[in-house]
Amino acid sequence: MKEFSFAQNFSIIALNAQNSLHLTTAKIVSLRCMAAAVMLEKYLDKGFTKAGEVLTITTEDLQSAAIPTYQESVVKVILGKKETMSLTLPEYLRKVTKLSGKMLKEVEHGFAISLKEENAIEEIPALLGCDLEYVTAGISMREYRSQTDLYRRIAESLRAESLEEGNMTDEAILMLWLLRESGCLYDLFSKIELKRVAERMIEMLDSSALAKQIYPVIIHKSIETAVKNFLNMKKEVMSTPTGSGINFIFPLIERSQSVFIDTEEYFANKEDRLRDVIARLESQGHHYSVIRTGEVPLIKIDNVLYEAVPSAKQYPVPVHGVRLRKHPLSL
């Protein structure tokens, strides 16, 4: 299987199940972190001109025939009208919080082109389009779906390095920071595992100069206050390392929405309910696998786990069906 770059690997996780047509709050968060991933990638690849801690990029960097499309789009929006820029790495990372919606669309376009060309992502009908009200209204929605085996390989590699003992690579250290700032940690780790992730990040703060430089940088607090975690005041405080002044608060940015799928019969039994759900998913071209059957089946749909909970909606005539509710761990 083709090897993808650091920033591409992150984007494969961050773009999965995102609305491909509109700048939702969740996608804004992901796109800003994808721009940050490019800055980190250039640092890892020694793509800056370095003088001490100061890193310089210029418009000449854009003239190279070897620069990938996604890197070019990010460097352009970071430079803006300037021909040269000299900042420390944390300062480059904080600049992504100031990118406008128009700039973020350019970042998305650059990544989407490169990933589609490599068949790493595709655009499909959005899962929300399976909802009864959207089906009835004939509303068409689109979202990104990452290639399943690739998504799993990236996720499993990071999970292994994050949960086991021993040193972590610079790439894994930086990937954890990106996942933290984008809210994607909840897509890869259970709440119990997140406590171990916090412990590992604390370990890296003590042992890695790169982690000391990057982990204190917070960009999610500067991003839209509509981030669900902060609106609902349901922050998960994982740990506070003594003396570091860093609260390991992992923001939860919900990308999926509750989807109600009606069944053909009132009070359908569990087999009929599951059959109707599968029929709707197949009609919209979604990839799925049934992980668990029973009264509340567990179904993996486009790399995300959902519970299929029996439900009903109150119209003039009650409609019975199933509500797809995201499961805490999407592996």
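Residues numbered from 1 in each chain as written. Predicted model: local features only at pLDDT ≥ 70, side-chain atom pairs only at ≥ 80, totals over all residues. Heavy atoms only, no water.

Asker: What is the right way to look at the overall build of the chain in this model?
Answerer: Scanning the chain from N- to C-terminus turns up 13 helices and 12 strands. Burial status across the chain gives 53% buried among its 331 residues. For the chain, the computed accessible surface area is about 15300 Å², with 52% contributed by carbon and sulfur atoms. (Helix = DSSP H or I, 4+ residues; strand = E, 2+ residues; numbered from the N terminus. Buried < 20%, exposed > 50% of the residue type's maximum accessible area, 1.4 Å probe, protein only. Areas by Shrake-Rupley, 256 points an atom, 1.4 Å probe, with all protein chains shown as cover.)

Asker: Quick question: what am I supposed to make of the packing of helix H7 (residues 148-163) against helix H8 (residues 170-182) here?
Answerer: When two helices pack together, their arrangement is captured by the angle between the axes and the distance separating the axes. Put simply, H7 and H8 touch, their axes get as near as 10 Å, and they point 105° apart. Classified by the interaxial angle, the pair formed by H7 and H8 is roughly perpendicular. In this structure, H7 contributes Leu-158, Glu-161 and Ser-162 to the contact, and H8 contributes Ala-172, Met-175, Leu-176 and Leu-179. Tallied by class, the residues present in the contact of H7 with H8 amount to 5 nonpolar, 1 polar and 1 charged. (Axes fitted to C-alpha atoms, helices over the stretch in contact; angles between N-to-C directions. Parallel < 35°, antiparallel > 145°, perpendicular 65-115°, else oblique. Contact = heavy atoms within 4.5 Å. Nonpolar A, V, L, I, M, F, W, Y, C, P; charged D, E, K, R; others polar.)

Asker: Can you help me understand H7 in this one?
Answerer: For H7, spanning 16 residues, the distance from its first C-alpha to its last is 22 Å, which sits close to the expected 22 Å at 1.5 Å a residue. If you check which residues of H7 are buried, you get Leu-150, Tyr-151, Ile-154, Ala-155, Leu-158, Arg-159 and Ser-162. Considered in projection along H7, the buried side chains sweep an arc of 160° and stay on one side of the axis. Where H7 is buried, its residues contact helix H1 (6-15), strand E5 (142-146), H8, helix H9 (185-188) and helix H10 (191-207). One side-chain oxygen of the residue at the start of H7 lies 3.2 Å from the amide nitrogen of Asp-149, identifying that residue as Gln-147. (Expected span 1.5 Å × (residues − 1). Arc of directions from axis to C-beta. Polar contact = N/O pair within 3.5 Å; in protein donor to acceptor, adjacent residues only side chain to side chain.)

Asker: What is the right way to look at the pairing of E5 in this model?
Answerer: In the case of a regular strand, side chains alternate between the two sheet surfaces. When you tally the buried positions in E5, you get 4 out of 5 residues, the bulk of the element. Where strand E4 (residues 121-125) lies against E5, 5 bridges are found, and the strand directions are antiparallel. Directly across from Ile-124, in E5, lies its bridge partner Glu-143. (Pairing = 2+ DSSP bridges.)

Asker: Would you mind showing me how to read the pattern of salt bridges here?
Answerer: Side-chain pairs of opposite charge can arise where the charged atoms are in close proximity. Under the definition given, this model contains 22 salt bridges. Where Asp-302 meets Arg-145, a salt bridge forms, and the shortest distance between an N and an O atom there is 2.8 Å. A residue pair is termed long-range when its members are at least 10 positions apart, and Asp-302 in the loop between strand E10 (298-301) and strand E11 (304-313) and Arg-145 in strand E5 qualify at 157 residues. The burial state of Asp-302 is the same as that of Arg-145; both residues are buried. For the salt bridge of Asp-187 with Lys-326, the shortest nitrogen-to-oxygen distance reads 2.8 Å. Of this pair, Asp-187 sits in helix H9 while Lys-326 sits in strand E12 (residues 319-326), and the two are 139 residues apart along the sequence. Residue Asp-187 is classed as buried on the basis of its relative accessible area of 4%. (Salt bridge = Lys/Arg side-chain N within 4 Å of Asp/Glu carboxyl O.)

Asker: For this particular structure, what's the right way to read the packing of helix H3 (residues 69-79) against helix H5 (residues 101-117)?
Answerer: Taken N-terminus to C-terminus, the directions of H3 and H5 make an angle of 170°; their axes are 7 Å apart at the nearest point. Taken together, the axes of H3 and H5 are roughly antiparallel relative to one another. When the axes of H3 and H5 are compared, the crossing they make is left-handed. Contact residues: Thr-69, Tyr-70, Ser-73, Val-74 and Val-77 in H3; Met-103, Glu-106, Val-107, Gly-110, Phe-111 and Ser-114 in H5. Within the contact of H3 with H5, the residues separate by chemical class into 6 nonpolar, 4 polar and 1 charged. (Left-handed = near helix turned anticlockwise from the far one by under 90°.)

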